[in-house]
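# Observations on the three-dimensional arrangement
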Amino acid sequence: MTGFSEQIVERLANASSVTVLTGAGASAESGLPTFRDPDGLWSEFNPVELASYSAFVDNPVRVQSWYSARLRSSNGVSPNPCHLALAELEDLIESVTVVTQNVDGLHQRAGSTRVIEVHGSLHRIYCAACGRDTQELDVAPDASEPARCGCGGLLRPGVVWFGEMLPEQALAAAVEASSDCDVFVAIGTSAEVYPAAALPLHAAKNGATVIEINLGPTPLSAAADEAVFGPAGELTPRLVAQVRARAASRVN
Ligand code: BJW
Ligand code: ZN
């Protein structure tokens with residue numbers, strides 16, 4: 001399917017509560033790599049060596065320097081038309097919640113006001129020993145020592161690694177927003193990583209209309225009411241423009 005059906009646009013235009021789940025594909029057109037695409041981060045780097053607590057403890061400089069570089073990259077890019085269109089959707093729908101697996105902060109920078117970061121944020125740095133937040137993580141790959149807190153503990157990014165629990169409040173809020181919405185839109189996620197991948201299923205079970213936007217099919221596609229394939233930076237603004245036009249035609 002290459003465009004949104006009239007019926008789907010109508011359901012979105014009539015919704016009072018919309019929950020959006022975004023993944024790395026939503027930030028791809030800002031210039032940030034995804035994880036599992038052929039040119040994604042996991043094609044170049046081994047997740048086992050980077051995205052778990054045991055990898056961090058085994059080689060803190062490797063993990064700290066990789067996240068230092070990712071933090072610099074995310075600070076160096078801008079929200080793209082997908083992020084901007086989702087912020088604009090708040091003008092048209094009473095309640096819009098963006099649940100994001102992304103750690104780049106681009107939804108907030110685009111102006112979305114209710115963003116739930118279920119996999120944490122690159123922009124939070126804290127001590128793995130005492131939990132104290134700190135401002136900076138700037139470690140070069142050839143650093144001789146890892147960055148430490150005043151207490152001697154290792155500094156880590158505030159992201160959720162494999163095997164770690166998602167932040168309790170964020171997950172509870174995401175499940176509630178997914179279970180209570182009229183329409184759920186999943187954008188640019190491979191729908192492979194749990195528990196985030198279960199959120200559209202909660203929505204469907206509770207009667208929401210589920211829309212998927214992705215470059216290609218995912219395990220979610222068959223369960224979605226409509227799956228539309230193409231770049232999120234083109235399709236999301238198109239969907240929001242169609243909702244805006246529908247709302248305007250009702251007023252006139
Ligand atoms: C475009 C596009 C464009 C490209 N336009 N589209 C149940 C079953 C099986 C396993 C588990 C389960 N429950 C838990 C697990 C274990 C595990 C898990 O899910 N493993 C699976 C991989 C099998 N989950 C966990 O460990 C989670 N914790 C947990 O469950 O705790 C409880 C527990 C503990 C111990 C044991 C059991 C339970 C934590 C998951 C943490 C994920 N962390 C990462 C790294 C974050 C930090 C960092 O950034 O480095 O999060 S991994 C990575 O994957 C990152 C992402 O947020 C996440 C999801 O990826 P995403 O966003 O979907 O990206 P991609 O690359 O996969 O997909 C991109 C998509 O975009 C593609 O589809 C493209 O087509 C598309 N695309 N360009 C539109 N322009
Ligand atoms: Zn400390």
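Notes on the structure follow.

## As for the sheet that holds strand β8 (residues 209-214)
Pairing is parallel across the open sheet formed by six strands, whose spatial order is β3-β2-β1-β7-β8-β9. Here the strands that pair on one side only, and so sit at the sheet edges, are β3 (115-117) and β9 (226-229). Neighbour-to-neighbour, the strand axes of the sheet open up by a mean angle of 15°, direction not taken into account. Both strand β1 (residues 17-22) and strand β7 (residues 183-187) contribute to a ladder of five bridges, which runs parallel. Note that in β7 the partner of V20 across the bridge is V185. The strands that helix α11 (residues 232-251) touches are β7, β8 and β9; relative to β8, the one it contacts most, it runs at about 145°.

## Observations concerning the sheet that holds strand β5 (residues 133-134)
On the basis of which strands lie adjacent, the open sheet formed by three strands has the order β5-β4-β6 and antiparallel pairing. Of all the strands in the sheet, just β5 and β6 (155-159) have a single pairing partner and so form its edges. In this structure, strand β4 (residues 120-127) lies alongside β5, joined through two bridges in antiparallel fashion. When the bridges of β5 are listed, I125 appears paired with T134. Against the sheet, helix α6 (residues 60-75) makes contact with β4 and β6, and its axis sits at roughly 135° relative to β4, the strand it touches most.

## Re the pattern of salt bridges
Pairing between side chains of opposite charge can happen when the charged atoms of each approach one another. The full count for this structure, using the stated rule, is nine salt bridges. The network of salt bridges with shared partners includes E6, E10 and R246.

## Concerning the side chain of S65
Its place among the elements puts S65 in helix α6. Take S65: its relative accessible area is 8%, and that puts it in the buried class. Leave out the neighbours within four places in its chain, and S65 touches V139, A140 and P141.

## Considering the coordination of the zinc ion (ligand 2)
The protein atoms that coordinate the zinc ion (ligand 2) are C127 (SG), C130 (SG), C149 (SG) and C151 (SG), at distances spanning 2.3 to 2.4 Å. In this structure, the zinc ion (ligand 2) is coordinated by four donor atoms arranged in tetrahedral fashion, with angles at the metal of 103 to 119°. Donor residues for the zinc ion (ligand 2) sit on one chain with the sequence pattern C-x2-C-x18-C-x1-C. Of this pair, C130 sits in the loop between β4 and β5 while C149 sits in the loop between β5 and β6; the two residues are 19 residues apart in sequence, bridging distant segments of the chain. When its relative accessible area of 11% is taken as the criterion, C149 is described as buried.

Reading the values: rules and limits
- Chains are numbered independently. Their residues run from 1 in the order of the written sequence.
- Whichever chain is written first becomes A and whichever ligand is written first becomes 1, with later ones labelled in order.
- Given that the model is predicted, a residue must reach a pLDDT of at least 70 before its local features are reported, and side-chain atom pairs must reach 80 or more before they are shown or counted; all residues, however, enter totals for whole chains, interfaces and linings.
- Hydrogen atoms and water are omitted, and side-chain values are computed over all heavy atoms in the structure.
- A pair of strands counts as paired when DSSP detects no fewer than two bridges linking them.
- Strands here are runs of E lasting at least two residues and helices are runs of H or I lasting at least four, both read from the DSSP assignment and numbered beginning at the N terminus.
- In this analysis, axes come from line fits to C-alpha atoms, helices being fitted only over the stretch in contact, and the angle between any two N-to-C directions falls in the range 0 to 180 degrees.
- Note on contacts: a residue pair qualifies if any of its non-hydrogen atoms lie within 4.5 Å across the two residues.
- Note on definitions: salt bridges are taken to be side-chain nitrogens of Lys or Arg within 4 Å of carboxyl oxygens of Asp or Glu.
- For each residue, the accessible area found with a 1.4 Å probe, counting protein chains only, is set against the maximum for its type, and the residue is called buried under 20%, exposed over 50%, and partly exposed in between.
- Only N, O and S atoms count as donors, using a 2.8 Å cut-off from the metal and 3.2 Å for Na, K and Ca, and because water is excluded some sites may appear unfinished.
- Sites are called tetrahedral only when four donors show all angles between 85 and 135 degrees, square planar or octahedral only when four or six donors show opposite pairs over 155 degrees and all other angles between 65 and 115, and irregular in any remaining case.

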